[in-house]
Amino acid sequence: MGQPVRDYLLTLCVTAAVTYLLTGPVRKFAIAVGAMPAIRARDVHREPTPRLGGIAMFGGLCAGLIVADHLFNLKGVFELSNEPRALLSGAALIWLIGVLDDKFEIDALIKLGGQMIAAAVMVIQGLTILWLPIPGVGTVALTQWQGTLLTVALVVITINAVNFVDGLDGLAAGMVCIASAAFFLYAYRLWMGYGIEAAAPATLFAAILMGMCLGFMPHNMHPARIFMGDSGSMLIGLVLAAGAISITGQVDPDLMQIFEGSERGATHAMLPVFIPLVLPLTIIAIPAADLVLAIVRRTWNGQSPFAADRGHLHHRLLEIGHSHSRAVLIMYFWSALIAFGAVGYSVHSASSWIVFVIIAASAVGLVLLLMPRFTPRAPHWANRFVPPRYRHRGAEPESAPSSSYGEKPAPVASGAQQGLSDAQMGEEAVERAPVAVGVSGVNGATAIGARSRFPDRRSIDSSR
């Protein structure tokens, strides 16, 4: 059992390394070709930031598949199944559509059609839902048209859910990474714990997806130096959907009867993953809920469901007072709670303590949501090891170096010593923050412009 873990870890590391190393050159390429749209009213960032990060993520995907094909314990996935090739074909198509959208801003209906075509390409090559195990009923065989329609719907829902949540620096990559980690644990348990070889492709997809997200996140954390764009968000959404389709419609639940005693028991044990429409909604429940709320909100206001606005969940977190980093961490928390909670319940569905843990963690999350201005303070002994804003208020600030004339520098008063609130300091910072114009304001360290030092804390209702 240890050898496959090492092979998966090697695949993950190679995927992450290739993605990380390619992101820098891709960023320069995006700046050169002008893939830096002007700041829109719904955007949170203040400076034009290059996109096309999906190019590096696609390179990481290809590298991960190539490495896995040459590993002893993983090459059987390519020999016994056509699913990796189906994934690569669909990913290449959706990636190309995303690149064109990042550069030329293509119509939303065209993107939707491209998503459906990419899903159909995977269905043609065998990556489709064949049956649907339903708790209390058993295994329901699907016709070819039913399986195709269900597969296409699952791919489109997952892609758009991930695309909708890509609104803050590092948010989409981190949430998908958390979801893929939980998915990897479950798929690996099916393969190694139950000996079901059909779960191996989904396990490989989850490991590669983790590597893609981990390799891109250092460049995408706040303040982001590059965005993944639609070429990245649609790509990771499709990979996540492919793993869900593989584990849902390809694994025969009859194989579980050997370990569970009956088909009903097998279906109950695999409940969180054997309902295709519930699986992506369970793994990425936060972006899926955001997707549903956005459609209802826009339709209620008489707008197109594809019309962009500033009403997403992450925008609401900023509006009630959370900082950019804190909003991202809160979304991470809820994603991890739902994803790992579902996986934990599927493993020990009879244990009541899992439910109590989920309820307690949910209470902690609600407290965090209601305390946007709370800033944790480190103890006195840890003041040297944490950022200044987390230090104890009684800590002495570091003395500034003396001038060449031997004069003592004037003490610098902190925001708390001046009696200014965080909101006042944020508004003052926004007034002093330089507004980027053209390429010279590209976010991040470049040869042309520098990164802005001041955060944007304006209300989301304000115009830019």
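This text gives an overview of the structure that appears in the document.

Conventions adopted
- Residues numbered from 1 in each chain as written.
- Predicted model: local features only at pLDDT ≥ 70, side-chain atom pairs only at ≥ 80, totals over all residues.
- Heavy atoms only, no water.
- Helix = DSSP H or I, 4+ residues; strand = E, 2+ residues; numbered from the N terminus.
- Buried < 20%, exposed > 50% of the residue type's maximum accessible area, 1.4 Å probe, protein only.
- Areas by Shrake-Rupley, 256 points an atom, 1.4 Å probe, with all protein chains shown as cover.
- Axes fitted to C-alpha atoms, helices over the stretch in contact; angles between N-to-C directions.
- Parallel < 35°, antiparallel > 145°, perpendicular 65-115°, else oblique.
- Contact = heavy atoms within 4.5 Å.
- Nonpolar A, V, L, I, M, F, W, Y, C, P; charged D, E, K, R; others polar.
- Phe/Tyr/Trp six-rings, centres within 6.5 Å; stacked < 30°, edge-to-face > 60°.
- Expected span 1.5 Å × (residues − 1).
- Disulfide = S-S within 2.5 Å.
- Core = buried A, V, L, I, M, F, W, Y, C linked by side-chain atoms within 4.5 Å.
- Patch = residues over 30% accessible without salt bridge, like charges linked within 9 Å, V, L, I, M, F, W, Y side chains within 5 Å.
- Salt bridge = Lys/Arg side-chain N within 4 Å of Asp/Glu carboxyl O.
- Left-handed = near helix turned anticlockwise from the far one by under 90°.

Quick look at the overall build of the chain now. Assigned secondary structure in the chain consists of 17 helices and two strands. Considering the chain as a whole, with its 464 residues, one finds that 48% of them fall into the buried category. Total accessible area on the chain stands at roughly 22100 Å², and carbon and sulfur atoms take up 66% of it.

What follows concerns unusual backbone geometry. Along the chain, H222 connects to P223 via a cis peptide bond; the corresponding omega equals -5°. By secondary structure assignment, the location of P223 is in the loop between α8 (200–220) and α9 (229–249). The phi dihedral of L52 is positive, around 70°, even though this residue is not glycine. Tracing the backbone through its elements, the reader meets L52 in the loop between α1 (2–33) and α2 (54–69).

The contact between α2 and helix α4 (residues 83–104) brings their axes to 11 Å, and the two run at 170°. By the criterion of interaxial angle, the relationship of α2 to α4 is roughly antiparallel. From α2, G54, I55, F58, L61, C62 and L65 reach across to α4, where they touch P84, L87, L88, A91, A92, W95 and V99. Within the contact of α2 with α4, the residues separate by chemical class into twelve nonpolar, one polar and no charged.

Next up on the list: the packing of aromatic side chains. Aromatic ring pairs are reported here in terms of the distance separating the ring centres and the angle at which the planes meet. Overall, the coordinates contain seven aromatic pairs when judged by the stated rule. Ring centres of F58 and W95 lie 4.6 Å apart, and the angle between their planes is 10°; this geometry places the pair in the stacked category. Of this pair, F58 sits in helix α2 while W95 is found in helix α4, placing the two residues 37 residues apart along the sequence. Ring geometry for F333 versus W334: centroids 5.7 Å apart, planes at 80°, classification edge-to-face. In this structure F333 comes out as partly exposed when scored by relative accessible area, which is 26%.

All right, on to helix α7 (residues 171–194) then. Since one α-helical turn is 3.6 residues long, residues separated by three or four positions face the same way. The end-to-end C-alpha distance of α7, which contains 24 residues, comes to 34 Å, matching closely the 34 Å that a straight helix rising 1.5 Å per residue would cover. One or two residues past the end of α7 sits G195, with phi positive at roughly 70°.

Glancing now at the state of the cysteines. Taken as a whole and assessed by the stated rule, the structure comprises zero disulfides. As a non-bridged cysteine, C177 has C213 as the owner of its nearest cysteine sulfur, 5.4 Å distant.

Quick look at α4 now. Between the first and last C-alpha of α4 there are 31 Å, a value that for 22 residues agrees with the 32 Å anticipated at 1.5 Å per step. Every buried residue of α4 is accounted for by E83, P84, A86, L87, G90, A91, I94, I97, G98, V99, D101 and D102. Trailing α4 by a residue or two, E105 shows a phi angle of about 55°, which is positive.

With that settled, consider the nonpolar core. Formed by 95 residues in total, the largest nonpolar core has its most connected members in L61, L204, L235 and L238. For this core, the element with the most residues is α7, which contributes 17 residues. Leaving out residues up to four positions away in the same chain, L235 has contacts with G54, M57, F58, L61, A91, I94, M212 and D230.

Here we take up a nonpolar patch on the surface. A cluster of nonpolar side chains, Y345, V355, F356 and I359, forms an exposed patch at the surface whose accessible area comes to about 390 Å². By residue number, the principal contributor to the nonpolar patch is helix α16 (residues 352–369), which donates three residues. Relative to the assigned elements, I359 resides in helix α16.

Right, let's get into the environment of A68. Here A68 is to be found in helix α2. Using a relative accessible area of 0% as the deciding quantity, one classes A68 as buried. A C-alpha to C-alpha distance of 9.5 Å links A68 and L12, two positions 56 residues apart in sequence. Aside from chain neighbours lying at most four places away, what touches A68 is T11, L74, K75, F78 and L204.

Here L149 shows up in helix α6 (residues 144–165). With a relative accessible area of 56%, L149 lands in the exposed category. For L149 and A120, which are 29 residues apart along the polypeptide, the C-alpha to C-alpha distance reads 9.1 Å.

This brings us to the pattern of salt bridges. All chains considered together, the criterion is met by three salt bridges. R51 is the salt-bridge partner of E105, the closest N and O atoms lying 2.7 Å from each other. Of this pair, E105 sits in the loop between α4 and α5 (108–124) while R51 sits in the loop between α1 and α2, placing them 54 residues apart in sequence. Under the relative-accessibility criterion, E105 is labelled partly exposed at 45%.

With that settled, consider the packing of α7 against α8. Between α7 and α8, the least distance of the axes is 8 Å, while the angle of their chain directions is 155°. Classified by the angle their axes make, α7 and α8 are roughly antiparallel. For the crossing formed where α7 meets α8, the hand is left-handed. Across the interface between the two elements, A173, G174, V176, C177, S180, A181, F183, F184, A187, Y188 and W191 from α7 touch A200, A202, T203, A206, A207, L209, M210, C213, L214 and M217 from α8. Its residues assigned to classes, the contact of α7 with α8 shows 18 nonpolar, three polar and no charged.

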